[in-house]
Amino acid sequence: PLCTAVFISISSIDLFHPIQWISDSFNDWYTSYVIFCILLMSVVILIISIFNVEFYAVVPSIPCSRLALLGKIIHPRQVIHSVVHAIMGMLVAWCAAVMTKGKFQFLALPCTASESLDGAVQHMCLNEYHLFLLLSGAFMGYNYSLLYLVNNMNYLPFPVIQQYKYLRFRRSLPLLVKHSCVESLYLVRNVCVAKLHPLDTLTGLLDLSLLYHTWLCGIFLLITWHIAWLLFKIYATEAHHFPVQPTFAEETDQCLPKILNSNPPLLIKFLALQDLMLLSQYSPVQRQEVFSLSQPGGHPHNWTAISKECLNLLSDLTQKLIMQQEAAATNGRVKQPSTGELGRSLSSSGTFL
């Protein structure tokens with residue numbers, strides 16, 4: 001609702017009559033079509049949030065070549081993502097056009113045809129300005145989906161320094177607004193143009209009112225979608241406490257050693273690793289639980305389970321680095337010798353001397 005109120009106020013700005021402008025803006029906020037647009041926008045944000053939940057990743061996916069990137073773009077899952085976002089973008093643009101009013105409000109407008117023998121006849125003609133906004137919204141929605149894939153926007157980075165959710169949101173909001181304004185201006189420049197009269201002429205396309213409202217529509221779309229993603233990212237990467245030892249038998253599956261040694265969703269496992277990092281730095285009480293011995297028997301089961309998984313993760317990382325180095329060597333790059341190979345070569349040189 002706040003973004004909608006700001007959009008209505010800015011879209012009908014009139015600096016020469018500020019009192020009338022403010023009064024009209026307040027009156028528009030409570031109209032039936034604005035309330036309907038807010039409800040429709042809520043449904044759109046809900047659908048976008050569902051796709052955010054379904055498409056998030058805790059490990060960034062970086063294609064090795066342009067062919068691999070093209071394969072990701074035409075993947076059926078990504079095609080569905082793009083089509084849905086294009087439709088949602090068109091719905092947002094429709095809401096923006098309806099709330100803007102004036103020549104953008106309706107898709108069809110009455111027009112007069114004077115070719116009839118009986119005189120002027122009323123017809124319904126296509127409103128090109130409204131259609132232009134709809135096509136712009138579809139293009140911006142598709143472009144958002146494309147950049148969502150190419151720029152790894154679905155990647156959830158875990159913050160090293162923990163902050164309150166409100167502080168994280170307040171810090172990111174100015175950058176989000178600035179990014180949305182610049183990106184919307186870029187999209188307006190590249191938007192597909194409907195080849196209809198009079199928009200098929202350079203004069204028609206240089207209509208400042210059309211460009212301004214298209215830019216505002218893009219800002220409205222991008223800000224609402226980026227805010228939905230930002231809130232999901234903040235809440236999903238918030239630090240979660242996992243007990244080291246269960247208080248009750250039913251909580252065994254929720255303990256830190258059990259989660260680290262099982263195969264939960266990657267987000268849960270990364271949250272557990274984040275909790276382990278915070279535990280090792282700021283929680284001496286939980287560190288005592290990690291090194292505690294079982295009774296009876298005196299075995300460090302917690303430490304054994306946690307250290308085993310950490311060593312496995314380090315081993316997997318080492319193997320990935322070795323594979324990456326070998327892949328780089330096959331592409332014509334010089335493969336750096338390992339420490340063992342360098343030591344053996346030096347020893348053999350010393351023996352030869």
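First, a word on what this report is: a plain description of the structure on this page. (Residues numbered from 1 in each chain as written. Predicted model: local features only at pLDDT ≥ 70, side-chain atom pairs only at ≥ 80, totals over all residues. Heavy atoms only, no water.)

### Examining the packing of aromatic side chains
The full count for this structure, using the stated rule, is nine aromatic pairs. Ring centres of Tyr144 and Trp225 lie 5.2 Å apart, and the angle between their planes is 75 degrees; on these two criteria the pair is classed as edge-to-face. You can see Tyr144 sitting in helix α6 (residues 128-150) and its partner Trp225 sitting in helix α9 (residues 208-236), a full 81 residues away along the chain. We classify Trp225 as buried; its relative accessible area is 0%. Measuring from centroid to centroid gives 5.6 Å for Trp229 and Phe232, while their planes differ by 40 degrees, and the two rings are tilted. A residue pair is termed a helical-turn pair when its members lie 3 or 4 positions apart in one helix, as Trp229 and Phe232 do in helix α9 at three residues. Of the residues examined, Trp229 reaches a relative accessible area of 6% and is grouped as buried. Arg77 extends its terminal NZ or CZ atom over the ring of Phe55, reaching a point 4.1 Å from the ring centre. (Phe/Tyr/Trp six-rings, centres within 6.5 Å; stacked < 30°, edge-to-face > 60°. Helix = DSSP H or I, 4+ residues; strand = E, 2+ residues; numbered from the N terminus. Buried < 20%, exposed > 50% of the residue type's maximum accessible area, 1.4 Å probe, protein only. Lys NZ or Arg CZ within 6 Å of the ring centre and 35° of its normal.)

### Quick word on the side chain of His226
Take His226: it is sitting in helix α9. Accessibility expressed as a relative area gives 8% for His226, which makes it buried. What His226 contacts, discounting residues up to four positions off in sequence, is Tyr144, Met153, Leu176, His179, Ser180 and Glu183. (Contact = heavy atoms within 4.5 Å.)

### Let's talk about the pattern of salt bridges
This model, assessed by the stated rule, comprises two salt bridges. Among the ionic pairs, Lys165 bridges to Glu238, the shortest N-O distance being 3.1 Å. In this pair, Lys165 is assigned in helix α7 (residues 165-190) and Glu238 in the loop between α9 and α10 (256-260), connecting sequence segments 73 residues apart. Classification of Glu238 by relative accessible area gives partly exposed; the value is 33%. (Salt bridge = Lys/Arg side-chain N within 4 Å of Asp/Glu carboxyl O.)

### Focus: the nonpolar core
One recurring pattern in soluble globular proteins: nonpolar side chains tend to sit buried together. In this structure, Val92, Met99, Tyr144, Trp225 and Leu256 are the most contacted members of the largest nonpolar core, which totals 53 residues. Taken together, the elements giving at least two residues each to this core come down to α1 (2-11), α3 (32-55), α5 (76-100), α6, α7, α9, α10 and α11 (266-282). The dominant element in this core, judged by the number of residues it contributes, is α9, at 10 residues. If you count residues domain by domain, this core takes at least three from each of domain 1 (1-110 + 125-197 + 204-226) and domain 2 (249-327). (Core = buried A, V, L, I, M, F, W, Y, C linked by side-chain atoms within 4.5 Å. Domains from an automatic or database assignment.)

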